[in-house]
Amino acid sequence: MDSAPALAISDITDADVPAIIALWQRCGLTRPWNDPAADIALARRGDSSTILVGRVGGAIAASAMVGHDGHRGWVYYVSVDPDHRGRDHGRAIMAAAEDWLRARGVLKLMLMVRGDNTKVQAFYHQLDYAVQDSVVFSKWLDGRDPTPGMK
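Residues numbered from 1 in each chain as written. Predicted model: local features only at pLDDT ≥ 70, side-chain atom pairs only at ≥ 80, totals over all residues. Heavy atoms only, no water.

This part takes up the packing of helix α3 (residues 89-102) against helix α4 (residues 118-126). In the contact formed by α3 and α4, the axes pass within 11 Å of each other and the chain directions differ by 60 degrees. Taken together, the axis directions place α3 and α4 in an arrangement best described as oblique. Handedness of the α3/α4 crossing: right-handed. Of α4, the residues touching α3 (which contributes Gly 90, Arg 91 and Met 94) are Phe 123, Tyr 124 and Gln 126. (Axes fitted to C-alpha atoms, helices over the stretch in contact; angles between N-to-C directions. Helix = DSSP H or I, 4+ residues; strand = E, 2+ residues; numbered from the N terminus. Parallel < 35°, antiparallel > 145°, perpendicular 65-115°, else oblique. Left-handed = near helix turned anticlockwise from the far one by under 90°. Contact = heavy atoms within 4.5 Å.)

Before going further, it helps to examine the pairing of strand β4 (residues 73-80). In terms of burial, β4 is a largely internal element, six of the eight residues being buried. Where strand β3 (residues 59-68) meets β4, six bridges bridge the pair, whose relative direction is antiparallel. Among the inter-strand pairings, Ser 63 is bridged to a residue of β4, identified as Ser 79. Taking the residues between adjacent antiparallel strands as the criterion, β3 and β4 are bridged by four residues, where Gly 70 takes a positive phi near 95 degrees. Relative to strand β5 (residues 109-111), β4 runs parallel, the two sharing three bridges. Opposite Gly 73, over in β5, you have Leu 109 as the bridge partner. (Buried < 20%, exposed > 50% of the residue type's maximum accessible area, 1.4 Å probe, protein only. Pairing = 2+ DSSP bridges.)

Within the secondary structure layout, Leu 141 lies in the segment after α4. Once the C-alpha coordinates of Leu 141 and Asp 83 are considered, the two residues, 58 residues apart in sequence, prove to be 38 Å apart.

Turning to the sheet that holds β5, a few remarks are in order. In sheet architecture, strand pairing relies on hydrogen bonds along the backbone and comes in two forms, parallel and antiparallel. The strand order across the open sheet formed by five strands is β1-β2-β3-β4-β5, and the pairing between neighbours is mixed. Looking at strand neighbours, the two that pair on one side only are β1 (8-11) and β5, the edges of this open sheet. Shown here is a sheet whose adjacent strand axes are inclined to one another by a mean of 30 degrees, direction ignored. The pairing of strand β2 (residues 49-56) with β3 spans eight bridges and is antiparallel. By the bridge assignment, Leu 52 is partnered in β3 with Ala 64. Of the strands in this sheet, β2, β3 and β4 are in contact with helix α1 (residues 17-26), which crosses β3 at around 90 degrees. Contacting β2, β3 and β4, helix α2 (residues 36-44) crosses the sheet at an angle of about 110 degrees to β2.

Laid out in structure tokens, this is it:
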């Protein structure tokens, strides 16, 4: 691994929104049933969540949506631009998300990874995350049908 510039991490700005959506799309994180712009707006609405943006030389290289529900911390949309992978930016953005939660007194971080995404599961295992024995239930509160592939 070469000596890569450090990731400069800060909260998202209004000007970052289109680039973050493009990054999430490039990383395959978006789904037709989730509007990334609406997810960003909701995360930025209050003090209990944010989008962390990692930059290298001013260019966006990584991001993570982090927040808490008053009990547990959650992380979503963890992304590293494919052109910046292999430089520990994923590790750095996750450490920043953990620090953001610790600063707010949140002591447990939760995240979800699709069952078939073994590469990402291996990444989190390397960061000392453990699989929890839980079942996740969901319901769309706007009346739409269940997420495709779910019952």
